[in-house]
Amino acid sequence: MRFLFAVFFAFAAAAQQPDYTITPNRGPVAGGTEVRITSREDLGAWPYAVIFGDTPVPAILAGSHTLIATTPAHLPGTVPVTIFQYDFGIATDLTFTFEGDAEDAFDRLLLPVFVPPIRGAFGAEFRTDLRISLDRSATVPVPIYGVMDPKIYGANVPWELDEDPRALRIEEGFGNPGRFIYVPKGRAKELSMNLRAYDVSRASSNYGTQIPIVPSSAFATDGYSSRIGIIGVPTSPPFRSKLRIYGTPDWGATLDVDIEMHGLTEMRRVELVPSGDPYTPGYAELDLPDGGIVNVWIRVFTPPISALLPAPDIWAFVSVTNNETQHITTITPR
Amino acid sequence: MRKLLLLASFFFVLPLFGYTVTPASGPAAGGTEVTIDGVGGFWEYDFVYFGVVPAASTRRVDADTIIAVTPPHVPATVPVLLWEYDIFVNTAQTFTFTGEVPPAAFERLLLPIFMPPVPGAFGSEFRTELSGLNHGRDWMPIHGLKQECQCVPMYGQETLRLFPHKTLDEIGVAYEGKPGRFLYIAPDQAKDFSANLRVYDTSRAAENFGTEIPIVRASAFRTTPFALLGMPGDPRFRGTLRLYADRPTTVTVRFGNTASVVTLHGGATVLDPAYAQIGNVPGGRVIVEPDPNGAPVWGFISVTNNETQHITTITPRP
């Protein structure tokens, strides 16, 4: 009986001891946290890396059972930790939590229209293509979060200089037309990017319309005093114009849209709905009423308890579409 | 036109008496104390303008003497005017601003395409349109824009004064870029200037509102390489690479494995960018490498469909 108990407790003890441990298991989004991963098994002398989510970093052996790695910059959240041994990954059941505000360590860029194919009138099919190129000045890969449902892009693929980077397209939407992507702070200058919307059915006659890629510095950041003006918008046939407004993800707002036409001003109120998801902007849209050439002003409505509620940063543009040809012109704020 | 001239004369009076302006020149950065002597005498509330730009300050010394401090101004020779209550009095004297544009005194904007109407293929006519609005409370001098109407001599200058809550459409602007144009606006007023630039084909105006052309801040110009992505290789499209700088400089342009050194010429005045263009851009990625010791450069590709003349831009991002 005692022997059976001894065997039982030996198995129990073995079952409770994890294969891997990580210390610490949380740190700032800016990275730089030195972590120690211990393994029950002998790690041997292989070259190792540690992958936090999808972001790899080199690791060094500190003894036969311990790896040391430094966390990369990473968006907030809890991610799995994988050990990469020479040429394959080993699941560890470990996680690491990145804490803090994404913008502490990342530059945020808005892709105002980044959508799966959309059917339009007269047989039109609208697509958006995103191209990203790593510049020669980049000496290490640039992780880009948010392009394809958080994933590292371009991390291990240095583009050949005589190639045009392939277009990235998505097949499923994210909820609204826009998308936030994140690049480690200061590294956006190592990238070249281009975003284009086009009608496949008219590709032989029309290369489409470039859509701006918007840095956070272009957003209006004055809270309840923010104001955006968009000038010279056509609203009468043969054109239709749609105002698209984007906000930082965490806070919604009521927006007053003043539409100036023929010396008169009509005010419309729209709700900027927050997403709560770092990759999805708050969004609102408004079909501008028929009235000739108009100027549009967007203001954040100040609620009575504004002192308690922060207002989002906002940006907006107008897409002008010809009702027959489906040709698109953008009008963006200067 | 007659009404306009009557209105202009109400506000603008030729001198009946002689004035002297000393000195007659000073740095573009402003800050020069200018003494204006006038036999006719000055009102206590007279104010001095250098062209359409108000003096930084005006002080009446006595009945015959005013001292004004020049404002920052782009290099130019401008008339010296007195604003007396409700009319401009022309002193018939000028002041010349010399030297370079002080970077901190202005926000510089590039209008990459700012040309008079250009005929194209298949009956097309390309026009440029700059829409702009001053939504501030003060008159806004915009250096680099000239009013189309030459009704009053002071309006012959290369600085336009945009009234509060007025649009450029209401004034009429002369499109004289080669093909681009630099504008200069005081930084504290630039935030009150909303603007949009587009090119469009008048022959196809019913089908197509045209193409937005970015208005480019000085901070977007680079001395480091940048790439322009997605130039189509389809022979139905032609691409033109357009490069801009604030003074002559050279860049290396790479199309695939081919590299060419290109010189940007021009920039004779601060309003005209140095410029170069390369036609028949091949498909793929274009890399522009400015001279790291030269002027910062910005550039874009205009992609035109050979048949429809539709234009798409490819600009550096982000």
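Up top is the structure these notes are about.
Read on for an overview of the structure. The model shown is predicted, which means the values in this text are computed figures rather than measured ones.

**So, the environment of A:Arg269**
All names here are of chain A.
Right, so step 1: Its place among the elements puts Arg 269 in strand β19 (residues 264-272).
Right, so step 2: The exposure class of Arg 269 is partly exposed, given its relative accessible area of 45%.
Right, so step 3: Aside from chain neighbours lying at most four places away, what touches Arg 269 is Thr 254, Leu 255, Asp 256 and Phe 301.

**Examining the interface of chain A and chain B**
Right, so step 1: With 48 residues of chain A at the interface, the matching set in chain B holds 50 residues.
Right, so step 2: Buried surface at the junction of chain A and chain B, both sides included, amounts to about 3,900 Å², of which 52% is carbon and sulfur.
Right, so step 3: The three residues of chain A that bury the most area against chain B are A:Tyr207, A:Gln210 and A:Arg334, which together make up 23% of that side's buried surface.
Right, so step 4: Counting the contacts that link chain A with chain B gives one salt bridge.
Right, so step 5: Here A:Arg334 ties to B:Glu107 by a salt bridge, and the two come within 3.4 Å at their closest N and O atoms.
Right, so step 6: Remark: the boundary between chain A and chain B carries 23 residue pairs in polar contact (both at pLDDT 80 or more).

**Structural notes on the sheet that holds β19(A)**
Adjacent strands of a sheet form backbone hydrogen bonds with each other and so pair up, either parallel or antiparallel.
Residues and elements named next belong to chain A.
Right, so step 1: Taken together, four strands build an open sheet; the order of strands is β16-β21-β18-β19 and the sheet is antiparallel. This sheet does not close on itself; its edge strands, each paired only once, are β16 (227-234) and β19. Neighbouring strand axes in the sheet, compared pairwise and without regard to direction, differ in orientation by 20 degrees on average.

**Some thoughts on the side chain of B:Arg222**
Right, so step 1: Locating B:Arg222 in the fold gives a position in the loop between β19 (216-217) and β20 (226-231).
Right, so step 2: Look at B:Arg222 and you get buried, because its relative accessible area is 17%.
Right, so step 3: Among the polar contacts made by the side chain of B:Arg222, one reaches the main-chain carbonyl oxygen of B:Pro225 at a distance of 2.9 Å.
Right, so step 4: In contact with B:Arg222, not counting residues within four places along its chain, are A:Asp135, A:Lys189, B:Pro290, B:Ala295, B:Pro296 and B:Val297.

**Details of unusual backbone geometry**
Right, so step 1: Here the bond from B:Thr22 into B:Pro23 is cis, since omega is -10 degrees, no more than 30 degrees from zero.
Right, so step 2: When you line up the elements, B:Pro23 lands in the loop between β2 (19-22) and β3 (25-27).
Right, so step 3: For the bond from B:Lys178 to B:Pro179, the omega torsion is -15 degrees, close enough to zero to count as cis.
Right, so step 4: In this structure, B:Pro179 sits in the loop between α2 (168-171) and β16 (181-185).
Right, so step 5: Phi is positive for A:Asp93, close to 65 degrees, though the residue is something other than glycine.
Right, so step 6: The class of A:Asp93 is exposed, set by a relative accessible area of 80%.

**Description of the pattern of salt bridges**
Right, so step 1: For the structure shown, the criterion picks out 31 salt bridges over all chains.
Right, so step 2: Among the salt bridges present, the one from A:Lys242 reaches A:Asp287, with a minimum N-O distance of 2.9 Å. In this pair, A:Lys242 sits in strand β17 (residues 239-247) while A:Asp287 sits in strand β20 (residues 282-287), placing the two residues 45 residues apart along the sequence.
Right, so step 3: For B:Glu107, the salt bridge identified is with B:Arg217, shortest N-O distance 3.2 Å. Taken together, the residues span a long stretch of sequence, with B:Glu107 in strand β11 (residues 107-111) and B:Arg217 in strand β19 at a distance of 110 residues.
Right, so step 4: Salt bridges sharing common partners tie together A:Lys242, A:Arg244, A:Glu285 and A:Asp287.

**Notes on the pairing of β16(B)**
All names here are of chain B.
Right, so step 1: Counted residue by residue, β16 has five buried out of five residues, so it is predominantly covered.
Right, so step 2: Judged by which residues are buried, β16 turns out to be covered on both faces: Arg 181, Leu 183 and Ile 185 on one side and Phe 182 and Tyr 184 on the other are all buried.
Right, so step 3: Here β11 runs beside β16; their pairing, made up of five bridges, is antiparallel. Counted as the bridge partner of Glu 107 is Ile 185 from β16.

**Quick notes on the environment of B:Thr167**
Right, so step 1: Note on placement: B:Thr167 falls in the loop between β15 (159-162) and α2.
Right, so step 2: Sequence separation between B:Thr167 and B:Phe193 is 26 residues; the distance between their C-alpha atoms is 9.7 Å.
Right, so step 3: Leaving out residues up to four positions away in the same chain, B:Thr167 has contacts with A:Asn295, B:Gly132, B:Leu133 and B:Leu162.

**Section: the packing of aromatic side chains**
All names here are of chain B.
Right, so step 1: Under the counting rule described, the total for this entry stands at 29 aromatic pairs over all chains.
Right, so step 2: For the ring pair Phe 50 and Phe 95, a centre distance of 5.5 Å and an interplane angle of 70 degrees mean the geometry is edge-to-face. Here the residue Phe 50 occupies a position in strand β5 (residues 47-50), and Phe 95 occupies one in strand β10 (residues 87-98), the gap between them amounting to 45 residues.
Right, so step 3: A residue is classified by how much of its surface remains accessible, and Phe 50, at 0% relative accessible area, is buried.
Right, so step 4: Residue Phe 95 is classed as buried on the basis of its relative accessible area of 0%.
Right, so step 5: When the ring of Phe 114 is compared with that of Tyr 175, the centres are 4.7 Å apart and the planes differ by 50 degrees; the resulting orientation is tilted. Taken as a pair, Phe 114 in the loop between β11 and β12 (118-119) and Tyr 175 in the loop between α2 and β16 lie far apart in primary sequence, 61 residues in all.
Right, so step 6: Assessed through its relative accessible area of 22%, Tyr 175 is described here as partly exposed.

**Description of the environment of A:Phe106**
All names here are of chain A.
Right, so step 1: If you trace the backbone, Phe 106 turns up in strand β9 (residues 106-111).
Right, so step 2: By relative accessible area, which is 1% here, Phe 106 ends up buried.
Right, so step 3: When the C-alpha atoms of Phe 106 and Lys 185 are compared, they prove to be 4.3 Å apart, with 79 residues separating the residues in sequence.
Right, so step 4: Setting aside its immediate chain neighbours within four residues, Phe 106 contacts Val 29, Ala 73, His 74, Leu 75, Tyr 145, Tyr 182, Val 183, Pro 184 and Lys 185.

The rules we used
- Residues numbered from 1 in each chain as written.
- Chains lettered and ligands numbered in written order.
- Predicted model: local features only at pLDDT ≥ 70, side-chain atom pairs only at ≥ 80, totals over all residues.
- Heavy atoms only, no water.
- Helix = DSSP H or I, 4+ residues; strand = E, 2+ residues; numbered from the N terminus.
- Buried < 20%, exposed > 50% of the residue type's maximum accessible area, 1.4 Å probe, protein only.
- Contact = heavy atoms within 4.5 Å.
- Buried area = accessible area lost by both parts, 1.4 Å probe.
- Salt bridge = Lys/Arg side-chain N within 4 Å of Asp/Glu carboxyl O.
- Polar contact = N/O pair within 3.5 Å; in protein donor to acceptor, adjacent residues only side chain to side chain.
- Pairing = 2+ DSSP bridges.
- Axes fitted to C-alpha atoms, helices over the stretch in contact; angles between N-to-C directions.
- Phe/Tyr/Trp six-rings, centres within 6.5 Å; stacked < 30°, edge-to-face > 60°.

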